[in-house]
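One letter stands for each residue in the lines below.
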Amino acid sequence: MNIDILTVVPELLDSPFSHSILKRAREKGLLNVHLHNLRKWAINKHMQVDDYQFGGGAGMVLMPEPLANAIDELQKDKKFDEIIFLTPDGELFNQKIANRLSLKENILLICGHYKGIDDRIRQKYVTKEISIGDYVLSGGELAAAVVVDAIGRLIPGVLNDETSALFDSFQDNLLAPPVYTRPADFRGNKVPEILLQGDPKKVEEWRTEQSLLRTKERRPDLLSEE
Ligand code: ADE
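Analysis parameters
- Residues numbered from 1 in each chain as written.
- Predicted model: local features only at pLDDT ≥ 70, side-chain atom pairs only at ≥ 80, totals over all residues.
- Heavy atoms only, no water.
- Near = heavy atom within 4 Å.
- Polar contact = N/O pair within 3.5 Å; in protein donor to acceptor, adjacent residues only side chain to side chain.
- Areas by Shrake-Rupley, 256 points an atom, 1.4 Å probe, with all protein chains shown as cover.
- Helix = DSSP H or I, 4+ residues; strand = E, 2+ residues; numbered from the N terminus.
- Nonpolar A, V, L, I, M, F, W, Y, C, P; charged D, E, K, R; others polar.
- Pairing = 2+ DSSP bridges.
- Axes fitted to C-alpha atoms, helices over the stretch in contact; angles between N-to-C directions.
- Contact = heavy atoms within 4.5 Å.

Caption draft 1: Focus on the site of the ligand. Neighbouring residues of the ligand: 13 residues in total, closest Thr87, Ile132, Gly133, Tyr135 and Leu137. The backbone of Ile132 places a nitrogen or oxygen atom 3.0 Å from a nitrogen atom of the ligand. At 3.0 Å from a nitrogen atom of the ligand is found a main-chain nitrogen or oxygen belonging to Leu137. Contact with the protein chains removes 96% of the 260 Å² of surface that the ligand exposes when unbound. Where the shell around the ligand is concerned, the elements lending two or more residues are β5 (82-92) and β7 (128-131). At three residues, β5 tops the list of elements feeding residues into the shell around the ligand. Grouping the amino acids of the shell around the ligand by side-chain chemistry returns eight nonpolar, five polar and no charged.

Dropping the structure here:
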């Protein structure tokens, strides 16, 4: 899978994809992340990519021209399955969207900055708008990192059996059950007996029950989702 990211602050994204699972995915060639600095398509020698908004008001807006030129150029090499704009007024990101996106071949993520991007780019190029939560970040970069992380680990072959995404919270609309490791007795607090008895069927039943309990307690809204 190829993920191209357009941003005015590529430095913000240097680290998130260079460690742990995403690093392995990139090394295995399962995930290619390409960062593009929007200033490469700046409109003048001052590297300008933003301007004041028409009608007045605080905050700069990313201009249409650098964005359109950047997207046009990137589209010469690849046909993007989705062009996604990260924005607080987008569709709320969740595991289902991550699952669907993990099956795509080429994705372009556009990170807004300042007040956002000229709306004509949203209308002409963007195929999907995603918000990672009901709060405003100073730019789309951290949201892009969240989306790439959530998608990247779902790409077939990235996780091994042990870390399989099948057991994650939110798959099947259930939160994950509690987990324990050694020691079996930590300062008098014991691991549930059933996990120590070595009966895989009973462990499975216990985990399902705990998942349901947790979901009912913490996120009952998930149980009524399709
Ligand atoms: N850009 C700024 N805030 C954001 C959010 N909550 N989600 C996605 N992109 C954003």
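Resuming the write-up.
Caption draft 2: Up close: the sheet that holds β7. What the five strands build is an open sheet, ordered β2-β1-β6-β5-β7; its pairing is parallel. Because the sheet does not close on itself, it has two edges, and the strands there are β2 (32-37) and β7. Ignoring strand direction, the axes of neighbouring strands in this sheet form an average angle of 30°. Of the strand pairs in this sheet, strand β1 (residues 2-7) and β2 are connected by six bridges, and their pairing is parallel. Across the sheet, residue Thr7 finds its bridge partner in β2, namely Asn37. The sheet contacts of helix α2 (residues 64-77) involve β1, β2, β5 and β6 (106-111), and relative to β1 the element is tilted by about 160°.

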